[in-house]
Amino acid sequence: MVKHLHHVKASKRCRFIWRAFGIMKHSVNRPPTPDAAEDQGKEPTLQEIINIKLIESGEKERLMELLRERLIDCGWKDEMKALCRAYIKKKGRNNVTVDDLVHLITPKGRASVPDSIKAELLQRIRTFLMSAAP
C-alpha cells in the first residue's frame, strides 16, 4: 500500500499525509460527516489505513506531542494566543464565541507553521511508513 504514495505529486502526498493523522484538516466549512451506515461495507482508504496504523502503534500521539513541543518552542502558540487576545479585546469579551476564534486563527495558524516543523514531521511519517511496510 505504501508503494502507491510515490506515484502522487509531492505536494499532494504531503497534504494527504498531514490529513491522514489530523495535523492539517480540511476546511472549517467542510461538509458533514457521512452516516456510519453509509461507511459500512466500504473498504478503508489508504488515508484511513495509515491513520489506524499510526494510532495502534502509538506513533500518532508521539507525533502530536512532537508537534506541540515544536510549536511552543518556535513561538507559534504564543502568536496564536496573542491573535485571539487582540480579537477579543477589539470585539469585547462578551461578543466573541469559540467559533469566532476558530474561524479567525485557523487559516493564519495553518499558514504560519514553520516549514522546518512540517518537514520534520513529514520525515518522521515517512520513516514510520517505511518501517511499517511489509
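Rules and cut-offs
- Residues numbered from 1 in each chain as written.
- Predicted model: local features only at pLDDT ≥ 70, side-chain atom pairs only at ≥ 80, totals over all residues.
- Heavy atoms only, no water.
- Helix = DSSP H or I, 4+ residues; strand = E, 2+ residues; numbered from the N terminus.
- Buried < 20%, exposed > 50% of the residue type's maximum accessible area, 1.4 Å probe, protein only.
- Contact = heavy atoms within 4.5 Å.
- Salt bridge = Lys/Arg side-chain N within 4 Å of Asp/Glu carboxyl O.
- Core = buried A, V, L, I, M, F, W, Y, C linked by side-chain atoms within 4.5 Å.
- Axes fitted to C-alpha atoms, helices over the stretch in contact; angles between N-to-C directions.
- Parallel < 35°, antiparallel > 145°, perpendicular 65-115°, else oblique.
- Nonpolar A, V, L, I, M, F, W, Y, C, P; charged D, E, K, R; others polar.
- Expected span 1.5 Å × (residues − 1).
- pLDDT = per-residue confidence, 0-100.

**So, the overall build of the protein**
Here is step 1 of the chain: The helix and strand inventory of the protein stands at seven helices and zero strands.
Here is step 2 of the chain: Counted from the first residue to the last, the protein has its helices and strands arranged as α-α-α-α-α-α-α.
Here is step 3 of the chain: The buried share among the 134 residues of the protein stands at 23%.
Here is step 4 of the chain: Pairs at least 24 residues apart make up 75% of the contacts formed inside the protein by residues separated by at least 6 positions.

**A look at the pattern of salt bridges**
Here is step 1 of the chain: Overall, the coordinates contain five salt bridges when judged by the stated rule.
Here is step 2 of the chain: We note a salt bridge from glutamate 59 to arginine 124, for which the minimum N-O separation is 3.5 Å. On the criterion of sequence distance, the pair formed by glutamate 59 in helix H4 (residues 59-73) and arginine 124 in helix H7 (residues 115-132) is long-range, its members being 65 residues apart.
Here is step 3 of the chain: Ionic pairing is found between arginine 68 and glutamate 61, a salt bridge with its closest N-O pair at 3.7 Å.
Here is step 4 of the chain: On the basis of relative accessibility, which here comes to 38%, the residue arginine 68 falls in the partly exposed class.
Here is step 5 of the chain: For glutamate 61, a relative accessible area of 49% gives the class partly exposed.
Here is step 6 of the chain: One network of salt bridges, with partners in common, ties together Glu59, Arg62 and Arg124.

**Thoughts on the nonpolar core**
Here is step 1 of the chain: By size, the foremost hydrophobic cluster in this structure holds 14 residues, and its most contacted members are Leu71, Ile117 and Leu121.
Here is step 2 of the chain: Looking at which element gives the most residues to this core, the answer is H7, with five residues.

**Examining the packing of helix H3 (residues 46-57) against H4**
Here is step 1 of the chain: Relative to each other, H3 and H4 sit at 85°, their axes nearing to 4 Å. Here H4 runs roughly perpendicular to H3, going by the angle between their axes. Contacts between H3 and H4 involve Asn51, Leu54, Ile55 and Ser57 on the former and, on the latter, Glu59, Lys60, Arg62 and Leu63.
Here is step 2 of the chain: For the contact of H3 with H4, a count of residues per class yields three nonpolar, two polar and three charged.

**Observations concerning H4**
Here is step 1 of the chain: Given a rise of 1.5 Å per residue, 15 residues ought to cover 21 Å, and the 21 Å separating the end C-alpha atoms of H4 matches this to within 8%.
Here is step 2 of the chain: In the core, the buried residues of H4 are packed alongside H3, helix H5 (76-91) and H7.

**Brief notes about the confidence of the model for the protein**
Detailed reading of predicted coordinates is not advised where the pLDDT is low.
Here is step 1 of the chain: Summary statistics for the protein give a mean pLDDT of 79 and a share of 69% for residues scoring 70 or more.
Here is step 2 of the chain: Ranking the elements of the protein by mean pLDDT puts helix H1 (residues 10-20) last, at 48, and H4 first, at 96.
Here is step 3 of the chain: Here residues 1-14 is modelled with pLDDT under 50, and outside its nearest four sequence neighbours on either side it reaches 15 contacts, counting other chains as well.
Here is step 4 of the chain: Confidence drops under pLDDT 50 across residues 20-30; counting only partners more than four residues distant or on other chains, this segment forms 25 contacts.

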